[in-house]
Amino acid sequence: MNRRRKLQALVGAPALIGFVLVSRLFGVLGAAAYLLLMLLLYGGWEVLGWGAEPEQPRIEVRRSFWVGLLLPAGLALLFVAERVVSDADEQLWWWRGLALACLAAAAGWRGHQLARSKGNQRQVETRLAIATGGVLAALGLYALSTDAGLAWMGLEAEAAERTGGALGALWVALLVVSGSALFAMEGAYRLMPIEEAIELRRVSAAAGTGLSLALSLVFVVSLAFVTNEREQRWDLSYFKTTRPSETSVRLVERLDEPVRVVLLYPEVSEVLEQLRPYFAELDAASEALSVEVKDHALAPELVREHRVRGNGFVLLLRGEGEGQQAESFEIGEDLEAARSRLRTLDGRFQERFAQLTTRPRDLHVTTGHRERSTDVSSGDPAPTRLSELSAALRRSNIQKRDLGLAQGLANQVPEDARAVAVIGPREPFLPEEAQSLLQYVEGGGRLLVFVDPDADHQLAPLLAGLGLSLREGVLHSTQSYVRRTRTEADRQVIYSNHYSAHPTVTLANRFRARVASIFDGAGALERAESEAQLAGVEVTFPIRTAAGFWLDQDGNHAQDQGEPSDPRFQLMAAVTVPNAEGEEGRAVVVADGDFITDAWIGNQGNAFVLMDALNWLVGEDEVFGPTQTEEDVPIQHTRDEDEAWFYATSFGAPLPLLLAGIWMTRRSRRGGREPAPQKRPAPPAPPEPAAAAKDEEEEE
């Protein structure tokens, strides 16, 4: 340990003990004064070179860092005096005195350094002095912006308020700009302790960086202040309110009697401004729909009759007098709280409107064969469940009912069943159950079937009765498939937009240029005549594939020799069966059990097909369809993807920054790249002896 370190250790321990004693005896103010005294002593020690080794040669070293801390210490003390200590506190002027003493000492030290400097050091000290003057000038503006300062300038009333506001913004901006440039230059200047090491360019670059940051901050704060004063607001975190979906517009267009929509809001409301465009579009779709705005306080009878608590509700009214029916749903008055409801406004409106204007309907769904369902206990992952389908049925005022052995499926389908759905069974049906479904269609029933080609569902007799068969193998494609895992297994997630003009694909066919239906592990249907086929069956295939598909029969996701590769495969079938009573049985068969699960029903091509298929089955006057929503779609990763993201964000992103920082630090310590040595011109080659002799002969 050299002499300097020994002295520091010898003085440090008593100084720490003194700090504790002064703090206990004189409180916070005494501790602050003690720290300032220690700061001055240590700065003077550094400046005067106390403790230097006597045998070492004397080098002119500039050590001003600790003295330079007087300025931020003075600013901190002034902040405490003006913002923490109350005006009635007796210690207020002691705090102010300490702050002014520090600031005066900092200014005096800066002037002393400027007076004794020369050469490059003088240029740097001049810049530091200008920045220090800017900080002190900002404090002067602050003093003028106070009540005492305004009174000293003789300003009163409105003039004092206006001048005080301008000075209040000006001194903060000047303090931030000057202080940022000063501290940036001090940081660079501290690394140049001797005259020969001073680089004016580096100090100027540091000043430019500090000024850029400070001016950017001042610009942003000024912009926020002006927009707040002008009452302008741009909420970039909120995307937008939903617009009416095509299903909602169709619901409104088919109204056969007046319906009133009452928006219970005051005339001036941020939420009301978000609601107006949505209901204006619905209002324009039908003359039977009317939209009006009423304040809760101005319509006491209306809200009392329909039991609405206050503003922030949408009230739907149908009919007049005692027979009037009403449905309502809450959006809220506060925009912050109403954001989530505004994003799903279309679904909320569709559900309440359907309950008000349509009669309740049932859809029987078979159970007991591991069908796709909403049940979490089934063990199926979330994307293969039917949560979205259940929500869509609820919005359309359709109630889902179970149909299995307990409900008599092995005997017959209940007579009141308007429609039956079989959704992705993975365990076999009993022959009696399949026969009941076939008899149901023969008797005029409506059946919707989603089947997988590789599942043991034992529905071949049912398909045979409908004039269909499901070919062996899963459809694959190397062109028309969806990339999910970027493996060969993605080839079975195919899509197609080859629709016919059948009513089950009307919407999808209309928007075929923008939408396509996705099938995950689908099979291929084909027409098959057999003795079990019902009389008069007519089969139509509304969706087919393009060329380039094949049926993978061994599960290796590759096209092997002998596996079928037809020009087109049929993905969906619509079947009609006339009967003697004049009623037409109908069935829709889709060769994919995952077609309407949560993973794919959000795709418009799938939703449009489901909507038109249900409407065709239960009748053209019924409406079923998806909604518009602006909710954020959650991003789902596999375990491997989560692991990759973890390492990428934990190590991948910081590592380049760390390497760049190390490289820049090493480069700055070396003082930049050294210039490449210049090549010296090569000396002339000595003449050849033979050539020299020849030259001598020629001269003779």
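The sections below set out a description of the structure shown in this document. All values derive from a computational prediction rather than experimental measurement.

**As for the environment of Gly 134**
Here's step 1: In this fold, Gly 134 is placed in helix H5 (residues 119-145).
Here's step 2: With a relative accessible area of 11%, Gly 134 lands in the buried category.
Here's step 3: Those residues in contact with Gly 134, other than ones at most four positions away along the chain, are Leu 174 and Ser 178.

**Digging into the packing of aromatic side chains**
Here's step 1: Under the counting rule described, the total for this entry stands at 9 aromatic pairs.
Here's step 2: Through a chain of ring-to-ring contacts, three or more aromatic side chains come together here, namely Tyr 278, Phe 279, Phe 349 and Phe 353.

**Quick look at the pattern of salt bridges**
Here's step 1: As enumerated under the stated definition, the model contains 25 salt bridges in all.
Here's step 2: Here Glu 82 and Arg 96 are joined by a salt bridge, their closest N and O atoms 2.9 Å apart. In this pair, Glu 82 is assigned in helix H3 (residues 70-84) and Arg 96 in helix H4 (residues 92-116), connecting sequence segments 14 residues apart.
Here's step 3: A residue is classified by how much of its surface remains accessible, and Arg 96, at 18% relative accessible area, is buried.
Here's step 4: Among the charged side chains, a salt-bridge network with shared partners connects Arg 110, Glu 125 and Glu 186.

**Section: the environment of Val 218**
Here's step 1: Looking at the secondary structure, you find Val 218 in helix H8 (residues 200-229).
Here's step 2: Separated by 49 residues in the primary sequence, Val 218 and Ala 169 place their C-alpha atoms 9.7 Å from one another.
Here's step 3: Look past the residues within four positions of Val 218 in its chain and what remains in contact with it is Ala 173, Val 176 and Val 177.

**Structural notes on unusual backbone geometry**
Here's step 1: A positive phi angle, near 60°, is found at Arg 307, a position not held by glycine.
Here's step 2: Under the relative-accessibility criterion, Arg 307 is labelled exposed at 78%.
Here's step 3: Even without being a glycine, Gln 458 presents a positive backbone phi close to 55°.
Here's step 4: On the secondary structure map, Gln 458 appears in the loop between strand S8 (446-450) and helix H16 (460-465).
Here's step 5: For Gln 458, a relative accessible area of 44% puts it in the partly exposed group.

**A short note on the packing of H4 against H5**
Here's step 1: Contact pair H4 / H5: the axes reach a minimum separation of 9 Å and the direction vectors enclose 155°. The angle between the axes of H4 and H5 places the two elements in the roughly antiparallel class. Seen from above, H4 lies across H5 with left-handed handedness. In this structure, H4 uses Leu 103, Ala 107, Arg 110, Gln 113, Leu 114 and Ala 115 to contact H5, whose residues at the interface are Arg 122, Glu 125, Thr 126, Leu 128, Ala 129, Thr 132, Leu 136 and Leu 139.
Here's step 2: Of the residues belonging to the contact of H4 with H5, the class tally is 8 nonpolar, 3 polar and 3 charged.

**Quick notes on the side chain of Arg 110**
Here's step 1: Tracing the backbone through its elements, the reader meets Arg 110 in helix H4.
Here's step 2: Take Arg 110: its relative accessible area is 7%, and that puts it in the buried class.
Here's step 3: Excluding residues that lie within four positions of it along the chain, Arg 110 makes contacts with Glu 125, Leu 128, Ala 129, Thr 132 and Glu 186.

**Observations regarding the packing of H3 against H5**
Here's step 1: Between H3 and H5, the shortest axis-to-axis distance is 12 Å and the interhelical angle comes to 10°. The angle between H3 and H5 places the two elements in the roughly parallel class. Handedness of the H3/H5 crossing: left-handed. Residue-level inspection shows Leu 71, Leu 75, Leu 78, Glu 82 and Arg 83 of H3 in contact with H5, the latter providing Val 135, Leu 139 and Tyr 142.
Here's step 2: Across the contact of H3 with H5, the residue classes tally to 6 nonpolar, no polar and 2 charged.

**Points about the sheet that holds strand S2 (residues 289-294)**
Here's step 1: Taken in spatial order, the 4 strands make up an open sheet running S2-S1-S3-S4, and their pairing is mixed. Strands at the two margins of the open sheet, each flanked by one partner only, are S2 and strand S4 (325-330). Between one strand axis and the next, the sheet turns by 20° as a mean value, whatever way the strands run.
Here's step 2: When strand S1 (residues 259-264) meets S2, the two strands line up parallel, connected through 6 bridges. The residue bridging Leu 263 from the neighbouring strand is Val 293, located in S2.
Here's step 3: The strands touched by helix H10 (residues 270-285) are S1, S2 and strand S3 (313-318); relative to S2, the strand with the most contacts, the crossing angle is about 160°.

Reading guide: rules and limits
- Residues numbered from 1 in each chain as written.
- Predicted model: local features only at pLDDT ≥ 70, side-chain atom pairs only at ≥ 80, totals over all residues.
- Heavy atoms only, no water.
- Helix = DSSP H or I, 4+ residues; strand = E, 2+ residues; numbered from the N terminus.
- Buried < 20%, exposed > 50% of the residue type's maximum accessible area, 1.4 Å probe, protein only.
- Contact = heavy atoms within 4.5 Å.
- Phe/Tyr/Trp six-rings, centres within 6.5 Å; stacked < 30°, edge-to-face > 60°.
- Salt bridge = Lys/Arg side-chain N within 4 Å of Asp/Glu carboxyl O.
- Axes fitted to C-alpha atoms, helices over the stretch in contact; angles between N-to-C directions.
- Parallel < 35°, antiparallel > 145°, perpendicular 65-115°, else oblique.
- Left-handed = near helix turned anticlockwise from the far one by under 90°.
- Nonpolar A, V, L, I, M, F, W, Y, C, P; charged D, E, K, R; others polar.
- Pairing = 2+ DSSP bridges.

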